[in-house]
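Spelled out, the chains give:
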Amino acid sequence: MTPHDDPRSQAVITIAMRLFSALGYDGTSLQAVAEATGEDPAWIQERFGEKRDLYLAVIDLAGRMERTVVQDALAALPAADAEQVATTLYGLSEHYLDFCVANPQIPALWLHRWLGDAADIPEVERTHSIPLMNFTADALRSAARAGFVDGEVDADLMVRTLVWSVYGFLHGEMIAEAGRSVSADPQARHRFLAHHRQLLDRMLRLPGV
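Counting starts from 1 at the beginning of each chain's written sequence and moves along it residue by residue. Whole-chain, interface and lining totals are the exception, using all residues; otherwise, since this is a predicted model, local features are given only for residues with pLDDT of at least 70 and side-chain atom pairs are given and counted only at 80 or more. To get the side-chain values, all heavy atoms of the structure are used, and hydrogens and water are removed first.

Student: In this structure, what is going on with the packing of aromatic side chains? I would like to understand it.
Tutor: Each aromatic ring pair is described using two quantities: the centre-to-centre distance and the angle formed by the ring planes. Two aromatic rings, drawn from Phe, Tyr or Trp (for Trp, its six-membered ring), form a pair once their centres lie within 6.5 Å of each other, and the interplanar angle then sorts them: stacked below 30 degrees, edge-to-face above 60, tilted otherwise. Per the counting criterion, the structure on display carries six aromatic pairs. Centre to centre, the rings of F20 and Y55 are 5.2 Å apart; their planes meet at 85 degrees, and the pair counts as edge-to-face. With a gap of 35 residues between them, F20 in helix α1 (residues 7-23) and Y55 in helix α4 (residues 51-73) connect regions that are remote in the sequence. Burial classes: relative accessible area under 20% of the type maximum marks a residue as buried, over 50% as exposed, and values in between as partly exposed (1.4 Å probe, protein chains only). Judged by relative accessible area, F20 falls into the buried class, the value being 1%. The buried category is assigned to Y55, whose relative accessible area is 1%. Cation placement over rings: the criterion is NZ of Lys or CZ of Arg within 6 Å of the ring centroid and within 35° of the ring normal. The ring of W43 is capped by R8, whose NZ or CZ atom sits 3.8 Å from the centre of that ring. Between K51 and the ring centre of Y25, over which it is positioned, the NZ or CZ distance is 4.2 Å. Helix and strand definitions here come from DSSP, where helices need a minimum of 4 consecutive H or I residues and strands a minimum of 2 consecutive E residues; each element is numbered from the N-terminal end.

Student: Explain the confidence of the model for the chain here, please?
Tutor: Caution applies to low-pLDDT parts of the model: their predicted coordinates are not meant to be read in detail. Looking at the chain, the pLDDT average stands at 91 and 91% of residues meet or exceed 70. Per-residue confidence from the predictor is reported as pLDDT, which spans 0 to 100. No element of the chain has a lower mean pLDDT than helix α9 (residues 173-176), at 55, and none a higher one than α4, at 97.

Student: Any chance you could explain the nonpolar core here in plain terms?
Tutor: Soluble globular proteins tend to pack their nonpolar side chains together in the buried interior. Side-chain atoms within 4.5 Å link the members of a nonpolar core, which is a set of buried Ala, Val, Leu, Ile, Met, Phe, Trp, Tyr and Cys residues. The biggest cluster of nonpolar side chains holds 65 residues, and the ones touching the most others in it are I44, L54, V85, L204 and L206. By residue number, the principal contributor to this core is α4, which donates 10 residues. By definition, residues are in contact when any of their heavy atoms lie within 4.5 Å. In this view, I44 contacts V12, L30, V33, A34, T37, E39, G49 and L54; residues no more than four positions away in its chain are not counted.

Student: Just to check I follow, could you spell out the pattern of salt bridges for this structure?
Tutor: Side chains that differ in charge, positive against negative, can pair when their charged atoms come close. The rule for a salt bridge is simple: a side-chain nitrogen of Lys or Arg has to be within 4 Å of a carboxyl oxygen of Asp or Glu. Tallied over the entire structure, the rule returns 10 salt bridges. Among the ionic pairs, E94 bridges to R189, the shortest N-O distance being 2.9 Å. Residue E94 is located in helix α5 (residues 82-102), and its partner R189 is located in helix α10 (residues 186-204); the two are separated by 95 residues in the primary sequence. Accessibility expressed as a relative area gives 27% for R189, which makes it partly exposed. A salt bridge links R141 to D156; the shortest N-O distance between them is 3.5 Å. Of this pair, R141 sits in helix α7 (residues 123-145) while D156 sits in helix α8 (residues 155-171); the two residues are 15 residues apart in sequence, bridging distant segments of the chain.

In structure tokens:
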């Protein structure tokens, strides 16, 4: 049985994710996780190992959740025509934004890493975020080969641009507008998705549907 299969361990991973996303890996200790979960520190260490191992379990859960959303959204690709490609990519934009709004701790984990958190654990991007980025970029390249999107666009940077814009929207100036979070502001969500759709249309030369 892995830690993900055990409800007790899963509860520890969930709370540890909240702490790592709020304080960063460097600012979180196993003792803090034990206090937040009410578990014995010795049990946590016996179950997961050192803090690094618990962090990797957290990242693994976050990565699996993120991968499911993206793969489900892109399940219609390769598509039969440009309109189906456009609809699929609009859906990816919407579902990924809603996923990040519903699970703010996951983009927060990646933001901490972008700022140099857990720099001594370099394999995280190689095993989680980069394969998912590559999977999405490959879907764009497949659509380009079929003539449904602009083949001159850098697919890798296009995917990263979409992610960066979601993270910036959720954690940048818009989140402080009127003192409300994006998740509590349907108009802000609608405005952002319209912008994302326009970005996709113009960068990839989608037909718009």
